[in-house]
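# Examination of the molecular architecture
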Amino acid sequence: MVVEVKNLVKRYKELIALDHFNMEVEEGEILGLLGPNGCGKTTAINCILSLLNYDKGEIRVFGEKMTPNSYDIKREIGLVPQEVSVFENLTVIENTDYFCGLYIDDKNKRKQYVEEAIEFVGLKDYTKFYPKKLSGGLKRRLNIACGIAHKPKLIFLDEPTVAVDVQSRNFILNGIEKLNDEGSTIIYTTHYLEEAERLCKRIIIMDKGRGLVSGTNEELKSMISTSEKIVVGFTEIEDETVQNMKNILHVMDIEKAGEDYIIKFENGFNNLANLMNFIEENQLVYTKLQSQLPTLNDVFLELTGKELRD
Amino acid sequence: MKNLIRNIIYQGKNLLRDAGFSFWVMLYPLILAMFFNIAFSGMMDIELTNIDVGIVDGNPIEQVLEEIEFINIHKITDEEVIEKLDNEEIHGFIDEDLNLTVKKSGINQTIIKEIIEQIKQMEKLNRPIENYDFEANYIVDRNQKANSIIVVFFSLIAMFSTYSINAGISTVSLTQANLSNIGVRVNSTPLKKKNFLLAGVIVALFLNLLANGVLLLFVKYVLKIDLLKNIKYSIILIIIGNLFGVSLGMFIGASNKKSMNTKILIGVASTLFLSFLSGMMGPWMKDVIDEHIPILARINPISIISNNLYRINILESTKTVGEGIMILFSYCGVLILLSYMFLRRKSYDSL
Ligand SMILES: Nc1ncnc2c1ncn2[C@@H]1O[C@H](COP(=O)(O)OP(=O)(O)OP(=O)(O)O)[C@@H](O)[C@H]1O
Ligand SMILES: [Mg+2]
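Within every chain, residues take consecutive numbers counted from 1 along the sequence as written. Each chain gets a letter, beginning with A, and each ligand a number, beginning with 1, in the order they are written. Note on the predicted model: pLDDT of at least 70 is required for a residue's local features to be given, and 80 or more for side-chain atom pairs to be given and counted; whole-chain, interface and lining totals, by contrast, use all residues. Each side-chain value is derived from all of the structure's non-hydrogen atoms; neither hydrogens nor water enter the calculation.

Let us now look at the overall build of chain A. A helix here means a DSSP run of H or I that spans at least four residues, while a strand means a run of E at least two residues long, and both kinds are numbered starting from the N terminus. When helices and strands are tallied, chain A shows 11 helices and 14 strands. Its C-alpha atoms give chain A principal-axis dimensions of about 75 × 45 × 35 Å. Counting all 310 residues of chain A, 52% fall into the buried class. By definition, residues are in contact when any of their heavy atoms lie within 4.5 Å. Taking contacts inside chain A between residues at least 6 apart in sequence as the whole, the part at least 24 apart equals 67%. Only the protein chains shown count as covering a residue, and every accessible area follows the Shrake-Rupley method with a 1.4 Å probe. Counting only carbon and sulfur atoms, one obtains 46% of the accessible surface of chain A, whose full area is about 14700 Å². For chain A, the distance from the average position of its 38 positive side-chain charges to the average position of its 50 negative side-chain charges is 9 Å. Exposure categories follow from relative accessible area, calculated using a 1.4 Å probe and restricted to protein chains: below 20% of the type maximum is buried, above 50% is exposed, and the middle band is partly exposed. Here Asp and Glu are counted as negative and Lys and Arg as positive; His is not counted, and neither are the chain ends. To locate a charge, take NZ of a lysine, CZ of an arginine, CG of an aspartate or CD of a glutamate.

Structure below.
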């Protein structure tokens, strides 16, 4: 186990930012911490790094208790903080070299690592630039380079794609996958569902300081009762027929959404086929037919009663 | 050690390239010195030659004026007075009752007036006027005025020796996870916080001492004011001023969570106020304090530095230097101790 967090409680005065939060990260995985703004993602990372005091709980990194003086553990960690944290008056290459040098003493090795990191984040044409001359997206890439240049075993990335254009975002996400392929264990926080779904092997869904559920993408989706939604629109349909639709196998509920009906199915196969049979038998004419598999948003919705999307 | 040097180089670059820092620490002292030099130069270089005085022929004062080397006598008629004053051919006109007529006021007019006062006094005391050495008298007077400008310059140097306060504030901010984003990053690395801070303090002292050196050379070679005679003690005092500045900066930086700009403002305002008390805005302030609250001059760190600079370089007395150095060192000790209480924390309740 690379990181183990047990029953972590963290208060800011009255506010409970982490409420018996648990987390386990295995070597080589990308773990996603997914949750809305203010759910405690950054607080969790800062507690794990011993930058924040906490009220209760146990934190182990690489099997050892983490303290502010655990320099040997820190040596193996890379942090990409949520806020861009670089020296304003050092260039791209100087910033990367400075932070890399806090871990890597060997000069030649460091030179190579710094070059690799800058190439990795795509800032090769900007090595002599000062941060204030970089666009927001490029600044975030520099922020990443400074956190990963030393090739750490464990990397924390705190919402590295916030306020970044699609191109930069794809670049960053691909890079993170590559880091993982090269053997780094990654803890990735985000409030973007798509990112978590695409990137993370395992996801912890957080809300109000608590970890609600954790599991792979598929595991999370199979946890909730709705497994499939089919949206249909008819040219004409009697209320009685709608009532009868509820008798189709596995149908849990039918909602009217404008002209359309959303039919929710619980676990089961052949849901679409069963619906098609029903349509044929009743000689209905449909204008629209879409099957939707549940998303993480549905998972979040069912767990908390609210949407994760903004 | 290698790590310390790397930290010093990078933190030094970061600070030196900061436009605000370069201006306030490197350039501003020179600008202020130049400004003071211009503002007070009237006092310093009184032209003691070619003061043109008009009198009518036969005025008994002529004999006296002839003795004074820097006065040119112009014999004119009563009717010409206004015209010659207007054309600035004469600086002033003295009538037979020793009344002075001038067109405008200035140094030369003041000197004429003082000479007349002097003559009247001598007459009253029945002293032979021929024995009076006007020139020597004016040079003494001029030196006294120059001395009070030197007080201003020593205050200026004392103030800028404590300007390491700015770098002290910013290095503490970079060190602390609860004060800056870089602090968060630095504290997540295996770099020990105290090493980062040590590098920052060395950079602060080095750059400010450099700026002080530039200021001293500028005053000596560009403004041509010779301030330092006792170089050894002067340098010691300036270095301690730098230490005091860094310590105060660290304390201001570490003791609260106000914004960086607010802290720098607090730092600059407090040094400016202490410098004002030590006579930087005009020597009269120093006189007032010396007369009414002499203890203030003994405990005000800027006064300690500027007064001792004055004493060792002008009065050539090192009597109070020891006491001054002791007091400044105690200030540094207390400030560093207080800062340490805030700085030793490694995890925080809130970032
Ligand atoms: N220094 C602080 N003092 C007081 N409350 C804080 C502090 N930092 C965070 N909080 C509160 O703690 C809660 C968790 O904050 P945290 O920054 O960990 O959330 P987050 O999940 O990282 O959010 P985001 O997605 O916006 O970054 C929030 O309600 C926040 O308002
Ligand atoms: Mg956050």
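On to the interface of chain B and chain A. Each side of the interface is counted separately: chain B has 30 residues, and chain A has 38 residues. Two parts placed together each lose some accessible area under a 1.4 Å probe, and adding up what both lose gives the buried area. Of the roughly 3100 Å² buried where chain B meets chain A, counting both sides, 53% is carbon and sulfur surface. Here, a salt bridge means any side-chain nitrogen of Lys or Arg that lies within 4 Å of a carboxyl oxygen of Asp or Glu. Counting across the chain B and chain A interface gives three salt bridges. Polar contacts, as counted here, are pairs of nitrogen or oxygen atoms within 3.5 Å of one another; within protein the pair requires one atom able to donate a hydrogen and one able to accept it, and residues that are adjacent in sequence qualify only if both atoms are side-chain atoms. Our count for the contact surface shared by chain B and chain A stands at 21 residue pairs in polar contact (both at pLDDT 80 or more). Elements represented by at least two residues in the side of chain B that touches chain A include exactly helix 1 (2-16) and helix 8 (181-188) of chain B. Nonpolar residues are Ala, Val, Leu, Ile, Met, Phe, Trp, Tyr, Cys and Pro. Charged residues are Asp, Glu, Lys and Arg, and all others, Gly as well, are polar. Broken down by class, the residue content of the side of chain B that touches chain A amounts to 11 nonpolar, nine polar and 10 charged.

What follows covers unusual backbone geometry. For residues besides glycine, phi is generally negative; the peptide bonds are generally trans as well. Residues and elements named next belong to chain A. Phi is positive for His20, close to 50 degrees, though the residue is something other than glycine. Backbone geometry places Glu159, a non-glycine residue, at a positive phi of 45 degrees. Of note, Glu159 is situated in the loop between strand 7 (154-158) and helix 6 (166-181). Relative accessible area serves as the criterion here: at 5%, Glu159 is assigned to the buried category.

A 2.8 Å cut-off from the metal defines N, O and S donors, relaxed to 3.2 Å for Na, K and Ca; water is not in the atom list, so some sites may appear incomplete. Bound to the magnesium ion (ligand 2) are the protein donor atoms Thr42 of chain A (OG1) and Gln82 of chain A (OE1), situated 1.8 to 2.1 Å from the metal. Placement of Thr42 of chain A in helix 1 (residues 41-48) and of Gln82 of chain A in the loop between strand 6 (77-80) and helix 3 (92-101) is noted, with a sequence separation of 40 residues between them.

To continue, consider the site of ligand 1. As a structural note, the neighbourhood of ligand 1 is formed by 14 residues, with Gly38, Thr42, Thr43, Gln82 and Glu159 of chain A the closest of them. The environment around ligand 1 is built from residues contributed by chains A and B. Taking Thr42 of chain A, its side chain carries an N or O atom lying 2.6 Å from an oxygen atom of ligand 1. Ser350 of chain B is positioned such that a nitrogen or oxygen atom in its side chain is 2.9 Å from a nitrogen atom of ligand 1. For ligand 1, whose accessible area on its own is 630 Å², the fraction buried by protein is 67%. When contributions to the shell around ligand 1 are tallied by element, the ones reaching two or more residues are strand 2 (15-25) and helix 1 of chain A. In this text, near means that some heavy atom of the residue lies within 4 Å of the molecule or strand in question.

Residues and elements named next belong to chain B. Evaluation of the coordinates by the stated rule reveals 21 salt bridges over all chains. Arg298 is the salt-bridge partner of Glu323, the closest N and O atoms lying 3.1 Å from each other. Of this pair, Glu323 sits in helix 15 (residues 321-343) while Arg298 sits in helix 13 (residues 294-299), placing them 25 residues apart in sequence. The class for Arg298 is partly exposed, based on a relative accessible area of 48%.

Residues and elements named next belong to chain B. As a volume, the largest pocket reaches approximately 900 Å³. Taken together, 31 residues form the lining of the largest pocket, with Leu15, Asp18, Ser170, Met260 and Ile264 sitting closest to its centre. Sorting elements by how many residues they give to the lining of the largest pocket places helix 7 (residues 164-175) first, with six residues. Looking at the lining of the largest pocket residue by residue, the classes come out as 16 nonpolar, 13 polar and two charged. A 1.4 Å probe that fits but cannot get out identifies a cavity on a 1 Å grid over protein atoms alone, an open set with protein on both sides within 12 Å along at least five of seven lines counts as a pocket, and a residue lines either if it has an atom within 4 Å of a point. Grid points are joined across faces, edges and corners, and a volume is the space filled by probe spheres set on the points.

Residues and elements named next belong to chain A. Only when DSSP finds a minimum of two bridges between them are two strands counted as paired. Spatial ordering of the open sheet is given by 12-13-11-14, a layout of four strands whose pairing is antiparallel. Edge strands, defined here as strands with exactly one partner in the open sheet, are strand 12 (251-257) and strand 14 (286-292). Neighbour to neighbour, the strand axes of the sheet diverge by 20 degrees on average, direction disregarded. By the bridge criterion, seven bridges tie strand 11 (residues 226-234) to strand 13 (residues 260-266) in an arrangement that is antiparallel. Across the sheet, Ile230 pairs through a bridge with Ile263, a residue of strand 13. To obtain each axis, a line is fitted to C-alpha atoms, and for helices this fit is confined to the stretch in contact; angles are then taken between N-to-C directions over 0 to 180 degrees. Across the face of the sheet, helix 10 (residues 271-281) comes into contact with strand 11, strand 13 and strand 14 while running at roughly 30 degrees to strand 11.

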